Amino acid sequence: MVEVEPSRFEEMVAEALDGLPHELAELMSNVAVTVEHDRGPRGLLGLYQGIPLTERTTSYSAVLPDHITIYRRAICAICHTEEEVVDQVRRTVVHEVGHHFGIDDARLHELGW
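The following paragraphs examine the structure supplied in this document.

Turning to helix α1 (residues 6-18), a few remarks are in order. With 13 residues, α1 extends 18 Å between its outermost C-alpha atoms, agreeing within 8% with the 18 Å of an ideal straight helix rising 1.5 Å per residue. Buried residues of α1: F9, M12, V13 and A16, and no others. Looking down the long axis of α1, one finds its buried residues gathered within 95° of arc, a one-sided arrangement.

The biggest cluster of nonpolar side chains holds 20 residues, and the ones touching the most others in it are F9, V85 and V89. Secondary-structure elements contributing two or more residues to this core are α1, β3 (66-71), α3 (72-77) and α4 (82-100). Broken down by element, this core gets its largest block of residues, five residues, from α4.

With that settled, consider α4. Compared with an ideal rise of 1.5 Å per residue, which puts 19 residues at 27 Å, α4 spans 27 Å between its outermost C-alpha atoms and is within 8% of the ideal. Every buried residue of α4 is listed here: V85, Q88, V89, T92, V93, V94, H95, E96, V97, G98, H99 and H100. Contacts made by the buried residues of α4 are with α1, β1 (31-36), β2 (46-49), β3, α3 and α5 (105-110). Positive phi shows up at G102, right after α4, with a value of about 90°.

The next subject is the environment of E84. Locating E84 in the fold gives a position in helix α4. By relative accessible area, E84 is classed as partly exposed at 34%. It is 15 Å that separates the C-alpha atoms of E84 and Y71, two residues lying 13 residues apart in sequence.

Now for the pairing of β3. The side chains of a regular strand alternate, first on one face of the sheet and then on the other. Among the six residues in β3, five count as buried, and that is most of the element. Relative to β3, β1 runs parallel, the two being bridged by six bridges. Bridging across to β3, V35 finds its partner in I70. With four bridges connecting them, β2 and β3 associate as antiparallel partners. Paired with Q49 across the two strands is H67, which belongs to β3.

Conventions we followed
Residues numbered from 1 in each chain as written. Predicted model: local features only at pLDDT ≥ 70, side-chain atom pairs only at ≥ 80, totals over all residues. Heavy atoms only, no water. Helix = DSSP H or I, 4+ residues; strand = E, 2+ residues; numbered from the N terminus. Expected span 1.5 Å × (residues − 1). Buried < 20%, exposed > 50% of the residue type's maximum accessible area, 1.4 Å probe, protein only. Arc of directions from axis to C-beta. Core = buried A, V, L, I, M, F, W, Y, C linked by side-chain atoms within 4.5 Å. Contact = heavy atoms within 4.5 Å. Pairing = 2+ DSSP bridges.

Okay, structure coming up:
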(Lines give C-alpha, C1' and ligand atoms only; values in the text may rest on other atoms or scores of the structure.)
Protein backbone atom coordinates (compact mmCIF):
# COMPACT_ATOMS: atom_id res chain seq x y z
CA MET A 1 0.00 0.00 0.00
CA VAL A 2 1.14 3.52 -0.77
CA GLU A 3 -0.25 6.69 0.79
CA VAL A 4 -0.99 9.55 -1.58
CA GLU A 5 -2.10 12.89 -0.22
CA PRO A 6 -5.72 13.75 -1.10
CA SER A 7 -4.76 16.85 -3.10
CA ARG A 8 -2.15 14.92 -5.12
CA PHE A 9 -4.66 12.15 -5.80
CA GLU A 10 -7.19 14.70 -7.05
CA GLU A 11 -4.50 16.06 -9.39
CA MET A 12 -3.98 12.52 -10.73
CA VAL A 13 -7.70 12.21 -11.47
CA ALA A 14 -7.71 15.61 -13.19
CA GLU A 15 -4.66 14.60 -15.25
CA ALA A 16 -6.35 11.33 -16.24
CA LEU A 17 -9.43 13.24 -17.39
CA ASP A 18 -7.26 15.74 -19.27
CA GLY A 19 -5.52 12.80 -20.94
CA LEU A 20 -8.71 11.50 -22.53
CA PRO A 21 -8.80 11.90 -26.29
CA HIS A 22 -10.25 15.33 -27.09
CA GLU A 23 -12.93 13.81 -29.30
CA LEU A 24 -14.22 11.65 -26.44
CA ALA A 25 -14.00 14.37 -23.81
CA GLU A 26 -16.14 16.63 -25.98
CA LEU A 27 -18.83 13.95 -26.16
CA MET A 28 -19.12 13.56 -22.40
CA SER A 29 -22.38 15.10 -21.31
CA ASN A 30 -23.93 15.88 -17.93
CA VAL A 31 -21.44 13.93 -15.84
CA ALA A 32 -19.58 14.92 -12.67
CA VAL A 33 -16.36 13.24 -11.53
CA THR A 34 -15.46 13.26 -7.85
CA VAL A 35 -12.90 11.66 -5.55
CA GLU A 36 -14.01 9.81 -2.44
CA HIS A 37 -11.14 9.71 0.01
CA ASP A 38 -12.54 6.73 1.92
CA ARG A 39 -12.31 3.19 0.64
CA GLY A 40 -15.80 2.98 -0.85
CA PRO A 41 -17.73 -0.22 -1.55
CA ARG A 42 -15.72 -3.41 -1.21
CA GLY A 43 -13.99 -4.42 -4.41
CA LEU A 44 -14.57 -1.14 -6.27
CA LEU A 45 -11.90 1.32 -7.37
CA GLY A 46 -14.46 3.55 -9.08
CA LEU A 47 -18.19 3.72 -9.67
CA TYR A 48 -20.36 5.11 -12.45
CA GLN A 49 -23.93 6.03 -11.58
CA GLY A 50 -26.26 7.44 -14.19
CA ILE A 51 -27.80 6.95 -17.58
CA PRO A 52 -25.19 6.03 -20.21
CA LEU A 53 -25.14 8.13 -23.35
CA THR A 54 -26.28 5.11 -25.38
CA GLU A 55 -29.48 4.83 -23.32
CA ARG A 56 -30.50 8.48 -23.39
CA THR A 57 -33.54 9.25 -25.47
CA THR A 58 -35.17 12.47 -26.63
CA SER A 59 -37.01 12.58 -23.30
CA TYR A 60 -33.70 12.92 -21.44
CA SER A 61 -33.80 16.39 -19.92
CA ALA A 62 -33.76 18.17 -16.57
CA VAL A 63 -31.96 15.30 -14.84
CA LEU A 64 -29.17 15.42 -12.31
CA PRO A 65 -25.70 14.75 -13.72
CA ASP A 66 -24.34 11.25 -13.94
CA HIS A 67 -21.72 10.66 -11.30
CA ILE A 68 -18.30 9.01 -11.49
CA THR A 69 -16.61 8.40 -8.15
CA ILE A 70 -12.95 7.43 -7.85
CA TYR A 71 -11.99 5.83 -4.51
CA ARG A 72 -8.58 7.02 -3.28
CA ARG A 73 -7.98 4.54 -0.45
CA ALA A 74 -9.09 1.56 -2.53
CA ILE A 75 -6.64 2.45 -5.29
CA CYS A 76 -3.80 3.25 -2.89
CA ALA A 77 -4.40 -0.08 -1.11
CA ILE A 78 -3.51 -2.10 -4.21
CA CYS A 79 -0.50 -0.04 -5.28
CA HIS A 80 3.09 0.00 -4.01
CA THR A 81 4.41 3.17 -5.66
CA GLU A 82 3.04 6.54 -6.68
CA GLU A 83 3.69 5.59 -10.32
CA GLU A 84 1.39 2.58 -9.88
CA VAL A 85 -1.27 4.89 -8.40
CA VAL A 86 -1.01 7.20 -11.43
CA ASP A 87 -1.47 4.23 -13.77
CA GLN A 88 -4.34 2.76 -11.76
CA VAL A 89 -6.11 6.12 -11.53
CA ARG A 90 -5.88 6.47 -15.31
CA ARG A 91 -7.18 2.94 -15.84
CA THR A 92 -10.04 3.50 -13.38
CA VAL A 93 -11.03 6.84 -14.90
CA VAL A 94 -11.03 5.36 -18.41
CA HIS A 95 -13.06 2.37 -17.18
CA GLU A 96 -15.74 4.54 -15.55
CA VAL A 97 -15.87 6.94 -18.50
CA GLY A 98 -16.38 3.85 -20.66
CA HIS A 99 -19.53 3.11 -18.65
CA HIS A 100 -20.71 6.68 -19.33
CA PHE A 101 -20.42 5.81 -23.03
CA GLY A 102 -22.45 2.63 -22.51
CA ILE A 103 -19.63 0.07 -22.53
CA ASP A 104 -20.25 -2.79 -20.10
CA ASP A 105 -17.68 -4.44 -17.82
CA ALA A 106 -17.20 -7.47 -20.05
CA ARG A 107 -16.32 -5.35 -23.08
CA LEU A 108 -14.08 -3.03 -21.03
CA HIS A 109 -12.16 -6.07 -19.77
CA GLU A 110 -11.84 -7.36 -23.36
CA LEU A 111 -10.36 -3.99 -24.26
CA GLY A 112 -7.93 -4.13 -21.34
CA TRP A 113 -9.63 -1.54 -19.15
